[in-house]
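Survey of secondary and tertiary structure
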Amino acid sequence: MIPRHLAIIMDGNGRWAKKRFMPHSVGHRAGAQALRKLSEEIEKIGIKYLTVYAFSTENWSRPEAEVRELMGLMREYFQQYIDDSKKNNMRMSFIGDHSRLDPDLQQKLGILEDITKDKTGLHVVLAVNYGGRDEIVRATRKLAKEAAQGRLDPEKIDEDVLSKMLDTSTLPDPDLIIRTGGDLRLSNFLLWQLAYAEMYVTETLWPDFTVKELEKALYSFQGRDRRFGGRP
Ligand code: IPE
Ligand code: IPE
Ligand code: MG
């Protein structure tokens, strides 16, 4: 079985650059390139959804110059994805709170979502200014507003109702979460949605993560016994 939905914490760009005595920005650029290449392979394998962590709500705490570089890189790559959309079948959408992004960047996200919404190939979901806790807080706020306006009975709130308020409301939960760069943590990624995802961590740094590495992760996934709390 291949996962229907793969999620990736693309970590290690900084260390990749440091090893080469290069600035962070070079690592981030190599990371963006790695995603472009890998998403084509992921589409060929037949995975339906790919959700990747591009920028977390905590990443604003990095030096201003690095944040600026990351925003610039997103601008450039999203434009490339817009240009590519004519010749490929990938759908792209975004999760996270985009109100803090520059208006022109927000506009690019909107355009990409709009022009790819009817594509039937791999659905790539980019998490930009995304935090799992922030997403749950925003969902809770929406529910509280509906309840306060008398449109929602608080007793009717269950897991489905809350799921429908999340940024991922239309997506199935990830089956497999891969983290590159070796750290054994979630760093606030998809806290709700990863409840029963299988985990795979590799020391490989994100810009070095190739289809060969992905195959290793998929092979590991195939050997897992997913019990979902039951007794098979
Ligand atoms: C991940 O690479 C990309 C982002 C967080 C935007 P890092 O920049 O965190 O790389 P390391 O962890 O410092 O190596
Ligand atoms: C997670 O990586 C966020 C992204 C990959 C975008 P970080 O490098 O920000 O995570 P921590 O700080 O090591 O937990
Ligand atoms: Mg990191």
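Everything that follows concerns the structure shown earlier in this document.
A brief structural summary. Residue positions are counted from 1 within each chain, in the order its sequence is given. Following the order in which they are written, the chains are lettered starting with A and the ligands numbered starting with 1. Reporting of local features is limited, given that this is a predicted model, to residues whose pLDDT is at least 70; pairs of side-chain atoms are given and counted only at 80 or more, and all residues count toward the totals for whole chains, interfaces and linings. In computing side-chain values, all of the structure's heavy atoms are included and hydrogens and water are not.

1. A word on the overall build of the chain
We count it as follows: Where helices and strands are cited, they refer to DSSP runs of H or I of at least four residues and of E of at least two residues respectively, numbered from the N terminus. The globule rule used here is 2.2 Å times the number of residues to the 0.38 power, and the radius of gyration it is set against is calculated over C-alpha atoms. Whether a residue is buried, partly exposed or exposed follows from its accessible area with a 1.4 Å probe, protein chains only, as a fraction of its type maximum: under 20%, in between, or over 50%, in that order.
The helix and strand inventory of the chain stands at 7 helices and 6 strands. Secondary structure of the chain in N-to-C order comes out as β-α-α-β-α-β-α-β-α-α-β-β-α. A globule of 232 residues ought to have a C-alpha radius of gyration of about 17 Å, and the chain, at 18 Å, matches this closely. For the chain, the C-alpha atoms occupy an extent of roughly 60 × 50 × 35 Å along the three principal directions. Looking at the 232 residues of the chain, the share that counts as buried comes to 47%.

2. Regarding the pattern of salt bridges
Spelled out, the test is: Here, a salt bridge means any side-chain nitrogen of Lys or Arg that lies within 4 Å of a carboxyl oxygen of Asp or Glu.
One pass over the full model with this rule turns up 22 salt bridges. Residue Asp84 pairs with Arg36 through a salt bridge whose shortest N-O separation is 2.9 Å. On the criterion of sequence distance, the pair formed by Asp84 in helix α3 (residues 64-84) and Arg36 in helix α2 (residues 24-45) is long-range, its members being 48 residues apart. With respect to burial, Asp84 and Arg36 carry one shared label: buried. Within the structure, one salt-bridge network assembled from shared partners comprises Asp11, Arg15, Arg179, Asp183 and Arg185.

3. Considering the site of ligand 2
Put simply, the test is: Nearness here has a simple test: a residue counts as near a molecule or strand if at least one of its heavy atoms is within 4 Å of that partner. In protein, a polar contact requires one atom able to donate a hydrogen and another able to accept it; more generally it is a pair of N or O atoms within 3.5 Å, and residues adjacent in sequence count only if both atoms are side-chain atoms. Areas reported as accessible are Shrake-Rupley estimates using a 1.4 Å probe. Residue values count occlusion only from the protein chains shown. Only protein atoms enter the 1 Å grid used here, on which a cavity is any set of points holding a 1.4 Å probe that cannot leave and a pocket is any open set flanked by protein within 12 Å on both sides along at least five of seven lines; residues with an atom within 4 Å of a point are listed as lining. Each molecule is checked against the cavity or pocket grid, and it sits inside if more than half of its atoms lie within 2 Å of the grid points. Just so you know the grouping, Ala, Val, Leu, Ile, Met, Phe, Trp, Tyr, Cys and Pro go in nonpolar, Asp, Glu, Lys and Arg go in charged, and all remaining residues, Gly too, go in polar.
Taken together, Ile9, Met10, Asp11, Tyr53, Ala54, Phe55, Asn59, Arg62, Arg179, Arg185 and Ser187 make up the full set of residues adjacent to ligand 2. At 3.0 Å from an oxygen atom of ligand 2 is found a side-chain nitrogen or oxygen belonging to Asn59. The fraction of the free accessible surface of ligand 2 (390 Å²) that becomes covered by protein chains is 77%. When atom positions are compared with the pocket grids, ligand 2 is found to occupy the largest pocket. Here the shell around ligand 2 gets 3 residues from one element, more than from any other, and that element is strand β2 (residues 49-56). Residue classes in the shell around ligand 2 are distributed as 5 nonpolar, 2 polar and 4 charged.

4. Thoughts on the side chain of Asp175
For the record, the criterion: Contact definition: two residues touch when any of their heavy atoms are within 4.5 Å.
Checked against the element boundaries, Asp175 lands in the loop between α6 (159-163) and β5 (176-179). Within the local environment of Asp175, its side chain forms a polar contact with the side chain of Arg226, the two groups lying 3.2 Å apart. Setting aside residues up to four positions removed in sequence, Asp175 forms contacts with Pro3, Arg4, His5, Ala197, Glu198, Phe221 and Arg226.

5. Remarks on the site of ligand 1
What surrounds ligand 1 is the set Met10, Asp11, Gly12, Asn13, Gly14, Arg15, His28, Ala54, Asn59, Arg62 and Leu70. Take Gly12: an N or O atom from its main chain is 3.4 Å from an oxygen atom of ligand 1. Between ligand 1 and Arg62, the relevant distance is 2.8 Å, taken from an oxygen atom to a side-chain nitrogen or oxygen of the residue. The protein chains hide 83% of the 380 Å² of surface that ligand 1 would expose on its own. Judged by its atoms lying within 2 Å of the grid points, ligand 1 is housed in the largest pocket. The biggest single contributor to the shell around ligand 1 is helix α1 (residues 13-19), with 3 residues. Classifying every residue of the shell around ligand 1 by side-chain character gives 3 nonpolar, 5 polar and 3 charged.

6. Notes on the packing of α2 against α3
How we decide: Between N-to-C directions, angles cover 0 to 180 degrees, with each direction set by a line fitted to C-alpha atoms, over the stretch in contact for helices. Working definition: roughly parallel below 35 degrees, roughly antiparallel above 145 degrees, roughly perpendicular at 65 to 115 degrees, and oblique for all remaining angles. When the near helix sits turned anticlockwise from the far one by under a right angle, the crossing is termed left-handed; a clockwise turn instead gives a right-handed crossing.
Taken N-terminus to C-terminus, the directions of α2 and α3 make an angle of 25 degrees; their axes are 10 Å apart at the nearest point. Classified by the angle their axes make, α2 and α3 are roughly parallel. Where α2 crosses over α3, the two elements pack in a sense that is right-handed. Seen from α2, the contacting residues are His24, Ser25, His28, Arg29, Ala32, Gln33, Leu35 and Arg36; seen from α3, they are Glu66, Glu69, Leu70, Leu73, Glu76, Tyr77, Gln80, Tyr81 and Asp84.

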